[in-house]
Each structure stands twice: as structure tokens, then as C-alpha cells.
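The primary structure of each chain is shown beneath.
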Amino acid sequence: MSAAQAEWPHLFRPGSVDAPVLLMLHGTGGDEQQISGLAAALDPRAAVLAPRGGVVENGMNRWFRRLSEGVFDTDDVARRADDLAGFLVWAREYYELGDRPLVAVGFSNGANIALALALLRPEMVPRVIAFSGMHPLDGLPVGGSGARVTTSGLAASVLLLLNGDSDPMAPLSSVHRLVSLLEARGATVEQVLRPGGHGIADSDVAAALRWLA
Ligand code: MLT
């Protein structure tokens, strides 16, 4: 066991052994306690694994550094996604999760790290629900020879993207670039657009419940 992984602040609830594991990823300023409430709404029987983002910006927990609102330090995104993958390997073994299926569920900055993992380490998060997420690696060359970041094929990846159609923090142009990239790599993407901005609307939770079922 790596000491660094064991010391990563997180919440774990075992749930029922025949239920999936929900990897709950909070948004900027959130934490593992706050985001775990959403897990209960999505599947009260599921195991909950909710780590805390390791970056602090003005006292707020985040998953990776940003240069300004919506402009990400993509090197840091890639590095932190890798760290999170290491935590997942550790947690699966430590909590004896065996081959229980895992669904990554993220909101906002948490959705963005879930999507980065889905692009960079798809085997870690085959299913993703992203509430108010956007392209986490926009501008970083992805795939192809000479690329700084290569993504494997995503044929086994299934993603649900839930966005508001007038969200200044997760602009649709970025979401569309992300969907194109995911689909070009073979992922199955369902996109649900609702009127409004950044957040988790009741209709988003209802769509996530349908998708999980
Ligand atoms: C991000 O930084 O990941 C997005 O802009 C959303 C947020 O503000 O957390």
C-alpha cells in the first residue's frame, strides 16, 4: 500500500456487494461529504468512494490548477488525472472492491477530472456521468503520433454529459469539441441539454437515474 494513497482524504461507504461503486467527484469548493449526498439520490445501494481534490485555490478544493476561469493548466490536469488513477487502484484493493463495476460521477470541476480520466485512463472509468462538465484538455494535442497526450481507444467507454444550454462556465463550444473527440475515439456518448446554466437540475438527476437503469 502506498502511504500517499492511504492518506488521501476520502470518504468510503461499502454499500451492497451486488451494487456498483460510485466514484463521486466534487466541484470547486466542495468536498467528499457534500458530493456524497448526490450518490444517495442516484443509487442508495451503491458503494460510495469520494476522494477530495488535492489542489486548493483561495481556500477551495479543486482537482487541478487553472490559469483563469475555464482556462486549465492542462499539464496539471493530466498529472492529477494520473494521481487519481493511482488512488483508484489503491482503493479497489484496499476496500476489496474486486470487479464491482465503477461509475464516475462528477460535478463541474469534478466532472472535468472525470472526463480527463476517461480520455487518458479509460480503463479506470468505463462509465462517466458528468454534470456541467466541459473539455478538460482543450488545446492539448491528444492522440496521433507526436502528441503529448495519447488516448487509447474508447470503444468500451460510455458517458452521459448533462449540461445547461447557457452555461458560461461550461460553454457549449467546449462541450461539442469534447463530444467530437470522444466519439471519434469510439466512445458511446449521450448528451442531455437543458435550459439554464451551471448546476445540477432535478431533470439532470432524473436523466442520470434513467441512464443508470
Ligand atoms: C473548472 O475550473 O473546472 C470549471 O471552470 C468549473 C469550475 O469553476 O469549477
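Residues numbered from 1 in each chain as written. Predicted model: local features only at pLDDT ≥ 70, side-chain atom pairs only at ≥ 80, totals over all residues. Heavy atoms only, no water.

Asker: It is not clear to me how the packing of aromatic side chains should be interpreted in this structure. Could you clarify?
Answerer: Both the distance between ring centres and the angle between the ring planes are used here to describe each pair of aromatic rings. Within this structure, the stated rule accounts for seven aromatic pairs. Here Phe-12 and Tyr-95 contribute two aromatic rings whose centre-to-centre distance is 3.9 Å and whose plane-to-plane angle is 15 degrees, an arrangement assigned as stacked. Taken as a pair, Phe-12 in strand 1 (residues 10-13) and Tyr-95 in the loop between helix 3 (74-94) and strand 8 (102-107) lie far apart in primary sequence, 83 residues in all. A centroid spacing of 4.7 Å and a plane angle of 15 degrees characterise the contact between Trp-90 and Tyr-94, whose relative ring orientation is stacked. You can see Trp-90 and its partner Tyr-94 sitting in helix 3, four residues apart, about one turn around the helix. The exposure class assigned to Trp-90 is buried, which follows from its relative accessible area of 7%. (Phe/Tyr/Trp six-rings, centres within 6.5 Å; stacked < 30°, edge-to-face > 60°. Helix = DSSP H or I, 4+ residues; strand = E, 2+ residues; numbered from the N terminus. Buried < 20%, exposed > 50% of the residue type's maximum accessible area, 1.4 Å probe, protein only.)

Asker: I keep staring at the environment of Ala-78 and nothing clicks. Help me out?
Answerer: If you trace the backbone, Ala-78 turns up in helix 3. Between the alpha carbons of Ala-78 and Leu-137 there is a distance of 8.1 Å; along the sequence they are 59 residues apart.

Asker: I would appreciate a short explanation of the pattern of salt bridges in the present structure.
Answerer: Where charged atoms from two side chains of opposite charge come close, those side chains can pair. Tallying each qualifying case throughout the model produces twelve salt bridges. In this structure, Arg-121 engages Glu-123 in a salt bridge whose closest nitrogen and oxygen atoms are separated by 3.0 Å. Among the ionic contacts, a cluster of salt bridges with common partners joins Glu-57, Arg-62, Arg-66 and Glu-69. (Salt bridge = Lys/Arg side-chain N within 4 Å of Asp/Glu carboxyl O.)

Asker: What am I meant to see in the site of the ligand here?
Answerer: The full set of residues close to the ligand is Thr-28, Arg-62, Phe-64, Arg-66, Glu-69, Gly-70, Phe-72, Ser-108, Asn-109, Asn-112 and Met-169. One of the side-chain N or O atoms of Ser-108 is found 3.3 Å from an oxygen atom in the ligand. In the complex, 97% of the free accessible area of the ligand, which totals 260 Å², lies under the protein chains. Residue classes in the shell around the ligand are distributed as three nonpolar, five polar and three charged. (Near = heavy atom within 4 Å. Polar contact = N/O pair within 3.5 Å; in protein donor to acceptor, adjacent residues only side chain to side chain. Areas by Shrake-Rupley, 256 points an atom, 1.4 Å probe, with all protein chains shown as cover. Nonpolar A, V, L, I, M, F, W, Y, C, P; charged D, E, K, R; others polar.)

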